[in-house]
Amino acid sequence: MYDLLLKGAHVVDPLNGVNGVNAREVIDVSGWVLQPGIIDSHVHLGSMWGSPYGPRMLAMNGVTTCLDMAGPLDDILEKTPQYGAGLNTAILQFASPPFTFKTNAPSKAEMVELIDKSLAEGALGVKLLGGHYPLTPEVSSTLIKTALERRAYV
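Remember, predicted model here, so these are calculated numbers, not experimental data.

Caption draft 1: Spatial organisation of the pattern of salt bridges. Scanning the entire structure with this criterion turns up five salt bridges. For Asp75, the salt bridge identified is with Lys79, shortest N-O distance 2.6 Å. Here Asp75 pairs with Lys79, and both are found in helix 2 (residues 73–83), just four residues apart, close to one helical turn. On the accessibility criterion, Lys79 (23% relative accessible area) is partly exposed. Among the ionic pairs, Lys108 bridges to Glu149, the shortest N-O distance being 2.8 Å. Of this pair, Lys108 sits in helix 3 (residues 108–120) while Glu149 is found in helix 4 (residues 137–149), placing the two residues 41 residues apart along the sequence. With a relative accessible area of 40%, Lys108 lands in the partly exposed category.

Here it is in structure tokens:
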């Protein structure tokens, strides 16, 4: 038995074969439109390129899961408990000088350090900002290959 049933809407859950359930509580939602939570695959929640209020704004508009495409990882993780709203959030740490790399030509060792640190702190991987700028296409290519070697998303 479930705890809650939203009644009057047509529920479609082909994965679990659900087509009607019993529950302890019933809420009639006749005339409403129900949909699964929205997944937003490109947001900016960090203070540097977005706003710490982003999670709350997303949740108020039906987003339940999102991918932050810039970080900074530590900034988002620090502010989420204060401003978050129960959102499922994945984060890519930005890879860009002078912030996460000292120069426009980081060594492979610097790339490994950034990727491994980001993964250890909870990121899914790294983000090339602006396509690859200010990194050269060659450096960006090495970063992509290095991320793949480290099993990180880029």
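Caption draft 2: Main features of the sheet that holds strand 5 (residues 88–94). In space, the four strands of this open sheet follow the order 3-4-5-6, with parallel pairing throughout. Two strands bound the open sheet, and with one partner strand each, they are strand 3 (38–43) and strand 6 (125–127). On average, each strand axis in the sheet is inclined to that of its neighbour by 30°, with strand direction left out of account. Pairing analysis gives three bridges linking strand 5 to strand 6, with the strands arranged parallel. The residue of strand 6 that forms the bridge with Gln93 is Val126. Against the sheet, helix 3 engages strand 5 and strand 6, with an angle of about 120° to strand 6.

Definitions and cut-offs
Residues numbered from 1 in each chain as written. Predicted model: local features only at pLDDT ≥ 70, side-chain atom pairs only at ≥ 80, totals over all residues. Heavy atoms only, no water. Salt bridge = Lys/Arg side-chain N within 4 Å of Asp/Glu carboxyl O. Helix = DSSP H or I, 4+ residues; strand = E, 2+ residues; numbered from the N terminus. Buried < 20%, exposed > 50% of the residue type's maximum accessible area, 1.4 Å probe, protein only. Pairing = 2+ DSSP bridges. Axes fitted to C-alpha atoms, helices over the stretch in contact; angles between N-to-C directions. Contact = heavy atoms within 4.5 Å.

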